[in-house]
Amino acid sequence: AKSDNPGKPAAQASFRANAPHEDLRLPQAGSIERAFTRGRVRFIVTDGRSHKSPDTGGSASTALGADQREWVKRELLAARAMPWTVLTSGVPWISRFGSDTWAGYAAE
């Protein structure tokens, strides 16, 4: 759910209760981003919905929010020591359809 969606708390609670997942970075804040290691692979999973601002197409538009964006940068720098790193998002990277994409957040 987008950051201003009134259903956000219910959607996040449902995710935490029903979706198998690793430990969340900031569960008390409602975020669902997380990072974990399996063998020699570091996985960084972003939350591209909880902190999303309106898509204005400008550089101020954010899908991650400032705090999560800085966390992703720190995770990527730390992951350089790993042989493999997988950065993933529940929001499609590339899509021509719908508003639930990264298309309006080119600065990120």
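Residues numbered from 1 in each chain as written. Predicted model: local features only at pLDDT ≥ 70, side-chain atom pairs only at ≥ 80, totals over all residues. Heavy atoms only, no water.

Caption draft 1: Looking closely at the packing of aromatic side chains. Within the structure shown, the criterion is met by one aromatic pair. Look at Phe-36 and Phe-43: their rings are 5.1 Å apart centre to centre, the planes differ by 15°, and that puts the pair in the stacked class. (Phe/Tyr/Trp six-rings, centres within 6.5 Å; stacked < 30°, edge-to-face > 60°.)

Caption draft 2: Examining the side chain of Glu-75 more closely. Position of Glu-75 among the secondary structure elements: in helix α2 (residues 66-78). Only 2.9 Å separates the side chain of Glu-75 from the side chain of Arg-42, close enough to count as a polar contact. (Helix = DSSP H or I, 4+ residues; strand = E, 2+ residues; numbered from the N terminus. Polar contact = N/O pair within 3.5 Å; in protein donor to acceptor, adjacent residues only side chain to side chain.)

Caption draft 3: Here's a closer look at the pattern of salt bridges. Scanning all chains against the criterion turns up two salt bridges. Of the charged contacts, one joins Arg-42 and Glu-75 as a salt bridge, the two residues approaching to 2.9 Å between their closest N and O atoms. Residue Arg-42 is found in strand β2 (residues 41-46), and its partner Glu-75 is found in helix α2; the two are separated by 33 residues along the sequence. The exposure class of Arg-42 is buried, given its relative accessible area of 18%. For Glu-70, the salt bridge goes to Lys-73, with nearest N and O atoms at 3.3 Å. With Glu-70 and Lys-73 both in helix α2 and three residues apart, the pair spans about one turn of that helix. By relative accessible area, which is 44% here, Lys-73 ends up partly exposed. (Salt bridge = Lys/Arg side-chain N within 4 Å of Asp/Glu carboxyl O. Buried < 20%, exposed > 50% of the residue type's maximum accessible area, 1.4 Å probe, protein only.)

Caption draft 4: Structural detail: the nonpolar core. Core analysis: the largest hydrophobic core is formed by nine residues, namely Ala-35, Ile-44, Ala-63, Leu-64, Trp-71, Val-72, Val-91, Trp-102 and Tyr-105. Excluding anything up to four places from it in sequence, Leu-64 contacts Thr-46, Asp-47, His-51, Arg-69, Val-72, Trp-102 and Glu-108. (Core = buried A, V, L, I, M, F, W, Y, C linked by side-chain atoms within 4.5 Å. Contact = heavy atoms within 4.5 Å.)

Caption draft 5: Seen up close, a nonpolar patch on the surface. A contiguous nonpolar surface patch, about 420 Å² in accessible area, is contributed by Leu-76, Leu-87, Trp-93 and Ile-94. Mapped onto the elements, Leu-76 comes out in helix α2. The partly exposed category is assigned to Leu-76, whose relative accessible area is 35%. (Patch = residues over 30% accessible without salt bridge, like charges linked within 9 Å, V, L, I, M, F, W, Y side chains within 5 Å. Areas by Shrake-Rupley, 256 points an atom, 1.4 Å probe, with all protein chains shown as cover.)

Caption draft 6: Representation of the pairing of β2 within the structure. Among the six residues that make up β2, five are buried, leaving the element largely enclosed by the rest of the structure. Connecting strand β1 (residues 34-38) to the next strand, β2, in antiparallel fashion are two residues, including Gly-39 with a positive phi near 60°. Both β2 and strand β3 (residues 84-89) contribute to a ladder of six bridges, which runs parallel. Opposite Thr-46, over in β3, you have Ser-89 as the bridge partner. (Pairing = 2+ DSSP bridges.)

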